[in-house]
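Reading the structure
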Amino acid sequence: WSVCDKIPNRYKWKCLGLDFGFTNDPTALIEVVYCKGELWLNELIYEKRLTNSDIVSSMEILKVSKSIEIIADSADPKSIFEIQKNGYNITGAKKGPDSINFGLDAMKTYKINITATSQNLIKEFRTYKYVENKTSDRNKPIDFNNHAIDAIRYAATYKILIPTQEGHSESF
């Protein structure tokens, strides 16, 4: 990954990833853009103790379009519903077995660009760690200091595999 000045104005797709937090963990809202085979990331919200109405207020202040797709942690359907009631195009992330590694692997296949103003996101990328998994060949990601990364994972996983009319999936 590398640091960039800004997100490109022209792109193939753009969406937002949202990971809910409150007491110990921050809520993270990350802009995820796909352009010319690369992912471009911009931190919009990274803050603890936000209620759903606080999240909506912050999105209004940031002028987040109500039509942009927001892919959120599906473990919090009540929060998703409350944000939907405020007119936002939000849906829960699809999670399946090993969805964390699947999402991280999908992200790793692209060059990642992070805006210089995304200081919390940069910190997460610098400190993200794995631990040895004694029951598998695959190391296990540590669930710590990863809220912005989770938000990106939700968005990227949702957008990277696009269902075709035949019911199959294809990479973009």
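Below is a summary of the structure that appears in this document. (Residues numbered from 1 in each chain as written. Predicted model: local features only at pLDDT ≥ 70, side-chain atom pairs only at ≥ 80, totals over all residues. Heavy atoms only, no water.)

**Some points on the pairing of strand β7 (residues 111-115)**
Among the five residues that make up β7, four are buried, leaving the element largely enclosed by the rest of the structure. Pairing of strand β1 (residues 2-4) with β7 involves three bridges; the strand directions are parallel. Within β7, the position partnered with Ser2 by the bridge is Asn113. Judged from the four bridges that link them, strand β4 (residues 38-47) and β7 form a sheet pairing that is parallel. Looking at the pairing, Glu38 lines up with Lys111 of β7. (Buried < 20%, exposed > 50% of the residue type's maximum accessible area, 1.4 Å probe, protein only. Helix = DSSP H or I, 4+ residues; strand = E, 2+ residues; numbered from the N terminus. Pairing = 2+ DSSP bridges.)

**Describing the nonpolar core**
Within the largest apolar cluster, 24 residues are counted, with the highest numbers of intra-cluster contacts made by Ile30, Val32, Leu41, Leu121, Phe125 and Ile152. Elements represented by at least two residues in this core include exactly β2 (13-19), β3 (27-35), β4, α3 (99-108), β7, α4 (119-127) and α5 (147-160). When residues of this core are assigned to their parent elements, the largest contribution, seven residues, is made by α5. Apart from residues no more than four positions distant in its own chain, Ile30 is found in contact with Cys15, Leu16, Gly17, Leu41, Asn42, Glu43, Leu121, Ala148, Ala151 and Ile152. Listed in part, the 17 residues of the second largest apolar core include Val56, Val64, Ala72 and Ile90. (Core = buried A, V, L, I, M, F, W, Y, C linked by side-chain atoms within 4.5 Å. Contact = heavy atoms within 4.5 Å.)

**Details of the packing of aromatic side chains**
If you walk through the whole model with that rule in mind, you get three aromatic pairs. Pairing Trp13 with Tyr34 gives two aromatic rings, centres 5.9 Å apart and planes at 15°, and the pair type is stacked. Note that Trp13 is positioned in strand β2 and Tyr34 in strand β3, a separation of 21 residues in sequence. Taking relative accessible area as the criterion, Tyr34 reaches 9% and is therefore assigned buried. On the numbers, 6.0 Å between centres and 85° between planes, the contact of Tyr34 with Tyr110 is edge-to-face. Taken together, the residues span a long stretch of sequence, with Tyr34 in strand β3 and Tyr110 in the loop between α3 and β7 at a distance of 76 residues. Here Tyr34 and Tyr110 have matching classes, each one buried. The structure contains a cluster of three or more aromatic residues connected by ring pairs, namely Trp13, Tyr34 and Tyr110. The ring of Tyr88 is capped by Lys66, whose NZ or CZ atom sits 5.2 Å from the centre of that ring. (Phe/Tyr/Trp six-rings, centres within 6.5 Å; stacked < 30°, edge-to-face > 60°. Lys NZ or Arg CZ within 6 Å of the ring centre and 35° of its normal.)

**Regarding the sheet that holds β1**
With mixed pairing, seven strands are arranged side by side in an open sheet as β1-β7-β4-β3-β2-β5-β6. Taken across any chain shown, the strands that pair with only one partner, and hence form the sheet edges, are β1 and β6 (90-92). Between one strand and the next, the sheet's axes are offset by a mean angle of 30°, whatever the strand orientation. Taken together, the seven bridges between β2 and β3 define a ladder with antiparallel strand orientation. Bridge pairing in β3 places Leu18 opposite Leu29. Where α4 meets the sheet, its contacts fall on β1, β3, β4 and β7, and the angle it forms with β4 comes to roughly 115°. (Axes fitted to C-alpha atoms, helices over the stretch in contact; angles between N-to-C directions.)

**Focus: the side chain of His147**
Following the sequence through the fold, His147 ends up in helix α5. His147 sits in the buried class, given a relative accessible area of 10%. What His147 contacts, discounting residues up to four positions off in sequence, is Asp19, Asp25, Pro26, Ala28, Tyr46 and Glu124.

**Quick notes on the pairing of β4**
Burial of β4 is extensive: seven of the 10 residues sit out of reach of the surface. Taken together, the nine bridges between β3 and β4 define a ladder with antiparallel strand orientation. Residue pairing across strands places Cys35 opposite Glu38, the latter belonging to β4. Connecting the antiparallel pair β3 and β4 is a turn made up of two residues, with Lys36 showing a positive phi of about 50°.

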